[in-house]
Amino acid sequence: MVTLGPLDASHRGALLDLLRATGAFSPDEVAVALDLVDGAAGTPGTGTPDYEFVAAFDVDGGLAGYCCYGPTPGAQGTYDVYWIAVHPRQQRAGVGATLLDEVERRLARRGGRLIVVETSGRSAYDATRRFYGARGYRVAARLRDFYAPADDRLVLTRELGGSPSPAMRGV
Ligand SMILES: CC(C)(COP(=O)(O)OP(=O)(O)OC[C@H]1O[C@@H](n2cnc3c(N)ncnc32)[C@H](O)[C@@H]1OP(=O)(O)O)[C@@H](O)C(=O)NCCC(=O)NCCS
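Residues numbered from 1 in each chain as written. Predicted model: local features only at pLDDT ≥ 70, side-chain atom pairs only at ≥ 80, totals over all residues. Heavy atoms only, no water.

**Considering the overall build of the chain**
Phase 1 of the analysis: Check the secondary structure of the chain and you find 4 helices and 7 strands.
Phase 2 of the analysis: Counting the 171 residues in the chain, one finds 39% classified as buried.
Phase 3 of the analysis: Sequence-distant contacts, at least 24 apart, represent 59% of the contacts inside the chain between residues at least 6 apart.
Phase 4 of the analysis: Element-wise, carbon and sulfur atoms account for 51% of the exposed surface of the chain, whose accessible area totals about 9200 Å². (Helix = DSSP H or I, 4+ residues; strand = E, 2+ residues; numbered from the N terminus. Buried < 20%, exposed > 50% of the residue type's maximum accessible area, 1.4 Å probe, protein only. Contact = heavy atoms within 4.5 Å. Areas by Shrake-Rupley, 256 points an atom, 1.4 Å probe, with all protein chains shown as cover.)

The structure is reproduced here in structure tokens:
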């Protein structure tokens, strides 16, 4: 069982360990993920920040996983899930599903309409694609050889069925 809570700069070290342990992210990607946490306060006075976080903590308070998401710039009711990662020790125990469920619940409450996720088509990401597939995400676009030859960029989407409601932004 995990407890969900906010992620902030005090979790930076634990997040670094977690991201490295997954083996799924390049050093550059890890650096970007940490930068986002460092700047998590968003722009004061603008309501919803560009990047939002939810973290999952194990019974000892250790960081088991996290998800970073936010409103897609220039789109209405569309949100990107930028990062989701679960420590290998806790994978396949429902932590990722718990995090994604929470994000979807939050976004549906504020009128979110569409969730967009991008991932690689490489076989190393088979489990990641199965994870999203089991959560109702479908391949909306495939950009062949995008990341590198034989490394496609997949755009996965899931409709939430809500309608954008400006009054609900920031929930
Ligand atoms: C993708 C990831 C977040 C999933 O988290 P998780 O906590 O392991 O996932 P869950 O336990 O909630 O799994 C939910 C479902 O996803 C599928 N799934 C997840 N991992 C799987 C695997 N290794 N093999 C097959 N199916 C898998 C299954 O359908 C699973 O349901 P089941 O266990 O009842 O069969 C995690 O594997 C991870 O951190 N991977 C590395 C980082 C990454 O690729 N992130 C996404 C790109 S940003």
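There's more to say after this.
**Notes on the pattern of salt bridges**
Phase 1 of the analysis: Counted according to the given criterion, the structure contains 11 salt bridges.
Phase 2 of the analysis: Here Arg 158 makes a salt bridge to Glu 104, at a shortest N to O gap of 2.9 Å. Taken together, the residues span a long stretch of sequence, with Arg 158 in strand S7 (residues 151-159) and Glu 104 in helix H3 (residues 95-109) at a distance of 54 residues.
Phase 3 of the analysis: We classify Arg 158 as partly exposed; its relative accessible area is 27%.
Phase 4 of the analysis: Put simply, Arg 129 and Asp 126 hold a salt bridge, and the shortest N to O gap is 2.3 Å. Taken together, the residues span about one helical turn, with Arg 129 and Asp 126 both in helix H4 (residues 126-134) at a distance of 3 residues.
Phase 5 of the analysis: Overall, the relative accessible area of 22% leaves Arg 129 in the partly exposed class.
Phase 6 of the analysis: On the accessibility criterion, Asp 126 (30% relative accessible area) is partly exposed.
Phase 7 of the analysis: Each member of the salt-bridge network shares a partner with another, and the members are Glu 102, Arg 105 and Arg 106. (Salt bridge = Lys/Arg side-chain N within 4 Å of Asp/Glu carboxyl O.)

**Topic: the site of the ligand**
Phase 1 of the analysis: The environment of the ligand is formed by 17 residues, the closest being Ile 84, Val 86, Gly 94, Gly 96 and Thr 128.
Phase 2 of the analysis: At 2.7 Å, a backbone N or O of Gly 96 approaches an oxygen atom of the ligand.
Phase 3 of the analysis: Considered on its own, the ligand offers 910 Å² of accessible surface; in the complex 78% of this is hidden by protein.
Phase 4 of the analysis: Elements with a contribution of two residues or more to the shell around the ligand: strand S4 (78-86), H3 and H4. (Near = heavy atom within 4 Å. Polar contact = N/O pair within 3.5 Å; in protein donor to acceptor, adjacent residues only side chain to side chain.)

**Remarks on the side chain of Asp 152**
Phase 1 of the analysis: Inspection of the secondary structure puts Asp 152 in strand S7.
Phase 2 of the analysis: One polar contact links Asp 152 to Arg 142, side chain to side chain, over a distance of 2.7 Å.
Phase 3 of the analysis: Within polar-contact distance, the side chain of Asp 152 engages the backbone nitrogen of Asp 145 at 2.8 Å.

**Side note on the sheet that holds strand S1 (residues 3-5)**
Phase 1 of the analysis: Spatially, S1-S2-S3-S4-S5-S7-S6 is the arrangement adopted by the 7 strands of the open sheet, whose pairing is mixed. The sheet terminates laterally at S1 and strand S6 (138-148), the two strands that pair on one side only. The average undirected angle you get between the axes of adjacent strands in this sheet is 25 degrees.
Phase 2 of the analysis: Bridge count between strand S2 (residues 52-57) and strand S3 (residues 63-71): 6 bridges; the pairing is antiparallel. Its bridge partner lying in S3, Ala 55 is registered against Tyr 66.
Phase 3 of the analysis: Running over the sheet, helix H1 (residues 12-22) touches S3 and S4 and is turned about 95 degrees from S3. (Pairing = 2+ DSSP bridges. Axes fitted to C-alpha atoms, helices over the stretch in contact; angles between N-to-C directions.)

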